[in-house]
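Overview (structure and organization)
Below, each chain spelled out in residue letters.
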Amino acid sequence: DAVAMDLTAGCDKVQFKDVLSLVPAFYTRDFRNLAAGGELSMALWARGEMRGAALPAFELRTEVRNGSFQYSSLPKAVDGINIDVRIANPGGVADKTELDLSKFTLRMAGNSLSASAYATNLVSDPTFRAAVDGRVDLGAVREVYPLEKGMELSGLITADVKVSGRMSDIEKSRYERIGASGTFVVERLGLTMPELPAVHIRRAAATITPAAMTLGELGLTIGRSDLAANGQLSGYIGYLLRGDMLSGRLYVKSDLLDLNEMMNVMPDSAPEETPETSSAGTSAEPAQALGVPRNLNLSLNTELQKVLFQKMTVSGISGEMRVAGGALSLERLRMQLFGGSATASGSYSTAADPQRPALKLALGLAGASFSKTFDELEMVQKLVPVFAKTGGDYSLSLDMHTLLDGQMSPDLQTLTATGELKSANIHIQNLEAFDALAKALDNDKLRKIEAKDVAVRFSIRDGRVTTQPFDLKMGDIKINMSGSTGLDQTIDYTAKVALPAGSAGGILESVNVGIGGTFTSPKITLGVKEAAEQAVKNVIDQQIQKLTGSESLGEEIQKQADNLRKEAKRAGDKLVE
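Residues numbered from 1 in each chain as written. Predicted model: local features only at pLDDT ≥ 70, side-chain atom pairs only at ≥ 80, totals over all residues. Heavy atoms only, no water.

If you tally the helices and strands in the protein, you get 12 helices and 28 strands. Split into buried and exposed, the 577 residues of the protein put 36% on the buried side. Long-range pairs, those at least 24 residues apart, make up 52% of the contacts in the protein between residues at least 6 apart in sequence. (Helix = DSSP H or I, 4+ residues; strand = E, 2+ residues; numbered from the N terminus. Buried < 20%, exposed > 50% of the residue type's maximum accessible area, 1.4 Å probe, protein only. Contact = heavy atoms within 4.5 Å.)

Bringing a nonpolar patch on the surface into the picture now. Taken together, Leu99, Leu122 and Val123 make up a surface patch of nonpolar side chains, about 260 Å² in accessible area. Locating valine 123 in the fold gives a position in the loop between strand 6 (111-120) and strand 7 (127-137). Judged by its relative accessible area of 64%, valine 123 is exposed. (Patch = residues over 30% accessible without salt bridge, like charges linked within 9 Å, V, L, I, M, F, W, Y side chains within 5 Å. Areas by Shrake-Rupley, 256 points an atom, 1.4 Å probe, with all protein chains shown as cover. Salt bridge = Lys/Arg side-chain N within 4 Å of Asp/Glu carboxyl O.)

Turning to the packing of aromatic side chains, a few remarks are in order. Enumeration over the complete set of coordinates arrives at six aromatic pairs. Pairing phenylalanine 26 with phenylalanine 69 gives two aromatic rings, centres 5.0 Å apart and planes at 80°, and the pair type is edge-to-face. Taken together, the positions of phenylalanine 26 in helix 2 (residues 24-27) and phenylalanine 69 in strand 3 (residues 57-71) put the pair 43 residues apart, joining distant regions of the chain. Comparing phenylalanine 26 with phenylalanine 69, the two get one shared label, buried. Between tyrosine 71 and tyrosine 145 the ring centres are 5.9 Å apart and the planes differ by 80°, which places this aromatic pair in the edge-to-face class. Remark: tyrosine 145 occurs in the loop between helix 3 (141-144) and strand 8 (152-166) and tyrosine 71 occurs in strand 3; sequence separation between them is 74 residues. Summarising the burial analysis for this pair, tyrosine 71 and tyrosine 145 share the class buried. Over the ring of phenylalanine 31 we find lysine 17; its NZ or CZ atom is 5.0 Å from the centre of that ring. (Phe/Tyr/Trp six-rings, centres within 6.5 Å; stacked < 30°, edge-to-face > 60°. Lys NZ or Arg CZ within 6 Å of the ring centre and 35° of its normal.)

Moving on to the side chain of aspartate 258. Relative to the helices and strands, aspartate 258 resides in strand 14 (residues 257-258). Not counting chain neighbours up to four residues away, the residues in contact with aspartate 258 comprise Arg224, Ser225 and Leu308.

Picture a little ball the size of a water molecule; that probe, rolled over the atoms, points out where space is still empty. Roughly 260 Å³ of volume is contained in the second largest pocket. Together, 15 residues line the second largest pocket, and Phe26, Phe69, Val78, Ile81 and Leu106 are the ones closest to its centre. For the lining of the second largest pocket, the secondary-structure elements that each account for two or more residues are helix 1 (16-20), strand 4 (78-89), strand 5 (98-108) and helix 3. When grouped by side-chain class, the residues that make up the lining of the second largest pocket number 15 nonpolar, no polar and no charged. (1 Å grid on protein atoms, 1.4 Å probe; cavity = no way out; pocket = protein on both sides within 12 Å on 5 of 7 lines; lining within 4 Å. Points joined across faces, edges and corners; volume = space filled by probe spheres on them. Nonpolar A, V, L, I, M, F, W, Y, C, P; charged D, E, K, R; others polar.)

Summarising the sheet, strand 12 (residues 225-234) and strand 13 (residues 246-254) pair through seven bridges and their orientation is antiparallel. Bridge pairing in strand 13 links asparagine 230 to tyrosine 251. Sheet topology note: the strand 13/strand 15 (residues 296-309) ladder contains nine bridges and is parallel. Pairing of serine 254 across the sheet is with leucine 304, part of strand 15. (Pairing = 2+ DSSP bridges.)

Quick look at the confidence of the model for the protein now. Here the protein averages 83 in pLDDT, while 84% of its residues score no lower than 70. Low pLDDT, under 50, characterises residues 269-286; the stretch is placed with 14 contacts to residues that sit more than four places away or in other chains. (pLDDT = per-residue confidence, 0-100.)

To continue, consider the nonpolar core. Core analysis: the biggest nonpolar cluster contains 81 residues, and Leu365, Tyr394, Leu472, Ile479 and Met481 have the highest contact counts within it. At six residues, strand 15 tops the list of elements feeding residues into this core. The next biggest cluster of nonpolar side chains, apart from the first, holds 27 residues, and it includes Phe31, Val78, Ala140 and Leu153. (Core = buried A, V, L, I, M, F, W, Y, C linked by side-chain atoms within 4.5 Å.)

Another point: the pattern of salt bridges. Side chains that differ in sign of charge can pair as their charged atoms come close. Enumeration according to the criterion identifies 21 salt bridges in this entry. As a salt-bridge pair, arginine 65 and aspartate 12 come within 3.7 Å of each other at their nearest N and O atoms. Of this pair, arginine 65 sits in strand 3 while aspartate 12 sits in strand 1 (residues 3-15); the two residues are 53 residues apart in sequence, bridging distant segments of the chain. For arginine 65, a relative accessible area of 28% translates into the label partly exposed. Here arginine 457 makes a salt bridge to glutamate 420, at a shortest N to O gap of 3.5 Å. Of the two residues, arginine 457 is situated in strand 23 (residues 454-461) and glutamate 420 in strand 21 (residues 416-428); the sequence distance between them amounts to 37 residues. You can call arginine 457 partly exposed: its relative accessible area is 43%. The network of salt bridges with shared partners includes Asp1, Glu49 and Arg51.

Its identity as a non-glycine residue notwithstanding, asparagine 121 has a phi of 50°, on the positive side. Assignment of secondary structure puts asparagine 121 in the loop between strand 6 and strand 7. Although it is not a glycine, phenylalanine 338 sits at a positive phi angle of roughly 55°. Looking at the secondary structure, you find phenylalanine 338 in the loop between strand 17 (327-337) and strand 18 (340-349). Overall, phenylalanine 338 belongs to the buried group, its relative accessible area being 5%.

On to the pairing of strand 15. Across two bridges, strand 14 lies against strand 15 in parallel orientation. Paired with leucine 257 across the two strands is valine 307, which belongs to strand 15. By the bridge criterion, 12 bridges tie strand 15 to strand 16 (residues 312-324) in an arrangement that is antiparallel. Bridge pairing in strand 16 places threonine 302 opposite glycine 319. What sits between the antiparallel neighbours strand 15 and strand 16 is a turn of two residues, in which glutamine 310 has the positive phi angle 50°.

Structure representation (structure tokens):
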């Protein structure tokens, strides 16, 4: 039930170039033209018994002494490489294992870097200390290492950071027992790589204490987008070491955020090549669902001048955002949208399914353009195609819930919403349904809608937009409409058209109209029978009133009126036929 051992192994004075040959980044990059100096030594021993979870005593020690390398095609070398690493256990449980990087130094084209680290009690309660001190000019990297074709790197990184403590103190927020101090500064960093937007950091400066990291300044551009931020983050040590919760508050500003450009270069964003896309080479890559990390609890105070997302342009965004529990929440956000002003509250969550984000949105719009809404929002193109031929502006209140697909578009089969649309000024023309209605009623005024003070309450469920009865007034013609529109462009509406006074000899007040089919091929049905019956009734009532001079009839006159109605009904039935 045990293995007893007494082993030693090691090597001495291994050439440093042989060590570099084990590193793919060196071996695959012009290795034949690499000159290297320095030596590596390694020693290993193990003594005792391995019994169950118990370990023998062991020690592994590796040293690199005065290592250096230089490519013959490049002007400068990396030298002064000294590394001393020790991994040891006195015997017994694995928790007693010690990891000790007591020395790591190098010089690169006039820049120096040193670091050290130590950790033990890795299983029960990791105890650690680490330090980094140095200055690195990234522009010097190209002088010592062959970068990939088209890659550019520049900037200056300065760090002087020390941390120490126990993981249990971090987990219990006993920051007074943690040692953490130092500064980290990035200046004029630039990274350019083929097929990726260029990244530039004007300046990023952070100071640390055991409790928090203070971001004094961050100026960043990615492609066309820019971002400036400052604030404070707490729990950063646990976040960096174990992925624990990172909390804090940030103030974020931007003149332009092009989300389309960013999402097109995210991993797995490129579609599979097809004959159509490979030959044209101009196909737009689909957007990918943006995941919200669960281990963030951040409050963001935002001022974003312009945001581009799919076909939408959103400007003047200000307000509060919060990232927590895998969701992004909006708190009374204000913005300019679809040519009008908007307020928004809600959430975007990938907590349940990162591939199918859940969106909740309470939106208020004022002064928005029908045409801009149609052009910029694919959901409107599918659910409200009439917006394509609608002029004027509108106000909207909307309470919506939906799942999004992998391209960040609403899954319209899961979309539910209620709301109200109001407009003081609507212009619609060349709409097939109303052209057909005008033809059926022989009234050209119905071909062009110029309605005022329209209010439409609606709901969206199961892929259909259903409207409650609402009124349109076009000149002296009034229409009361209700019905629904489907994802398949089908329409199912009922319209009650009030005829102008005197247009039918005063005997017909309105006509019921059914509007079915699709937006491009509507089908109109007129309520002829109901209209004829209404006309007959109105004629009879007029005649009775003329005969009697009163709407109140005596018993004998009532009998005469009933006979008159029966005769009129027979005439009306014949007319309907």
